[in-house]
Amino acid sequence: PRGTRAQQAAGRVHSDMERGFIRAEVIPWHLLVEAGSPQAARERGLWRIEGRDYEVQNGDVLHFRFQRRRKASTVSFKLPLAGTGFRR
C-alpha cells in the first residue's frame, strides 16, 4: 500500500526481516529490465541504498539486507566424575 516504509515492506515478506532490518537496495523496475539482470544493473551502479524510512514507490524492486537474530539457547552437559570416565 501507499506510504509503506522499507522496513514495513520487509516485514510483509517475513517478520524476522522487519526485526533485523539493516537496509534496502532499491532499483526501479524499468532500469532493471534495461540492464538485463540484477548483476548488470549492479555493475552499472543503478542500485541505490535506502534506510528503514524510505517510502517504497510503485515499480521498485527491493533487495533487503537484514540480520537474523537468534534466541539464546542453553546447552546442558555433564562433567566427568573423578576416576570413572564420562558420566552418561
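Scope of this entry: the structure provided in the associated data block. All values derive from a computational prediction rather than experimental measurement.

1. Thoughts on helix α1 (residues 6-13)
Piece 1. Buried residues of α1: Ala6, Gln7, Ala9 and Ala10, and no others. End-on view of α1: buried residues confined to an arc of 160 degrees, all on one side of the axis.
Piece 2. Lining the buried residues of α1 we find α2 (15-19), β1 (21-28) and β3 (60-66).

2. Here's the deal with the environment of Asp60
Piece 1. As for its position among the elements, Asp60 is in strand β3.
Piece 2. With a relative accessible area of 17%, Asp60 lands in the buried category.
Piece 3. Spatially, the C-alpha atom of Asp60 lies 9.8 Å from that of Leu31, the residues being 29 residues apart in sequence.
Piece 4. Discounting residues that sit within four places of it in the chain, Asp60 has contacts with Val26, Ile27, Pro28 and Tyr54.
Piece 5. Among the polar contacts made by the side chain of Asp60, one reaches the side chain of Tyr54 at a distance of 2.6 Å.
Piece 6. Among the polar contacts listed, one links the side chain of Asp60 to the backbone nitrogen of Gln57, at a separation of 2.9 Å.

3. Comments concerning the pattern of salt bridges
Piece 1. What the rule picks out here adds up to six salt bridges.
Piece 2. In this structure, the salt-bridge partner of Arg5 is Glu55, at a minimum N-O distance of 3.6 Å. Of this pair, Arg5 sits in the segment before α1 while Glu55 is found in the loop between β2 (48-50) and β3, placing the two residues 50 residues apart along the sequence.
Piece 3. Relative accessible area serves as the criterion here: at 34%, Glu55 is assigned to the partly exposed category.
Piece 4. The closest approach of N and O atoms between Glu25 and Arg23, which form a salt bridge, is 4.0 Å.

Each value, and the rule that gives it
- Residues numbered from 1 in each chain as written.
- Predicted model: local features only at pLDDT ≥ 70, side-chain atom pairs only at ≥ 80, totals over all residues.
- Heavy atoms only, no water.
- Buried < 20%, exposed > 50% of the residue type's maximum accessible area, 1.4 Å probe, protein only.
- Helix = DSSP H or I, 4+ residues; strand = E, 2+ residues; numbered from the N terminus.
- Arc of directions from axis to C-beta.
- Contact = heavy atoms within 4.5 Å.
- Polar contact = N/O pair within 3.5 Å; in protein donor to acceptor, adjacent residues only side chain to side chain.
- Salt bridge = Lys/Arg side-chain N within 4 Å of Asp/Glu carboxyl O.

What is shown is where atoms sit, not what they do.
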